[in-house]
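This is what each chain is made of:
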Amino acid sequence: GFMAAFAESVGAVLLVAGALTPPSAALIAVTMAVAVFVRHAADPFALKELASLYLCASILFVLKGAGAYSVDALLSRKTGSQS
């Protein structure tokens, strides 16, 4: 319970800011995967649709990373590293 609350609160704030995007999106993806495949396993699709959407969106952020106007991009420009 604590880890889910942590992932959904702190992870969401980091994701919105674009800071530590892949790790924070991974935390959210794990939480949403548990919600879809464990908590709502027996429910009809209409009840697990929102959690499925959040799962897909967080997987996209894990794979794609942050955008050009994110904290991650700003930090990588300042340190000179390429991502």
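Since the structure is predicted, the reported quantities are computational estimates derived from the model, not experimental observations.

Cut-offs and rules
- Residues numbered from 1 in each chain as written.
- Predicted model: local features only at pLDDT ≥ 70, side-chain atom pairs only at ≥ 80, totals over all residues.
- Heavy atoms only, no water.
- Helix = DSSP H or I, 4+ residues; strand = E, 2+ residues; numbered from the N terminus.
- Contact = heavy atoms within 4.5 Å.
- Areas by Shrake-Rupley, 256 points an atom, 1.4 Å probe, with all protein chains shown as cover.
- Axes fitted to C-alpha atoms, helices over the stretch in contact; angles between N-to-C directions.
- Left-handed = near helix turned anticlockwise from the far one by under 90°.
- Nonpolar A, V, L, I, M, F, W, Y, C, P; charged D, E, K, R; others polar.

Undergrad: Explain the overall build of the chain to me, and be specific about the residues and the numbers.
TA: When its secondary structure is counted, the chain shows 4 helices and 0 strands. Listing each helix as α and each strand as β along the chain from the N terminus yields α-α-α-α. Across its three principal axes, the chain shows a C-alpha extent of roughly 50 × 25 × 15 Å. Put simply, 49% of the contacts in the chain that link residues at least 6 apart link residues at least 24 apart. If you sum the accessible surface of the chain, you get close to 5,800 Å²; carbon and sulfur atoms cover 73% of it.

Undergrad: Describe the packing of helix α1 (residues 2-17) against helix α2 (residues 21-39), listing the residues and the values that go with them.
TA: At a closest axis distance of 9 Å, the pairing of α1 and α2 adopts a crossing angle of 145°. Where α1 crosses over α2, the two elements pack in a sense that is left-handed. The residues of α2 that touch α1, namely those facing Ala 4, Phe 6, Ala 7, Glu 8, Gly 11, Ala 12, Leu 14 and Leu 15, are Thr 21, Ser 24, Ala 25, Leu 27, Ile 28, Thr 31 and Met 32. By residue class, the composition of the contact of α1 with α2 is 10 nonpolar, 4 polar and 1 charged.

Undergrad: How would you explain the environment of Val 71 if you had to name every residue and give the values?
TA: Here Val 71 shows up in helix α4 (residues 71-79). Note: C-alpha distance between Val 71 and Leu 14 (57 residues apart in sequence) is 9.3 Å. The residues touching Val 71, leaving out its near neighbours within four places in the chain, are Ala 17, Gly 18 and Ala 19.

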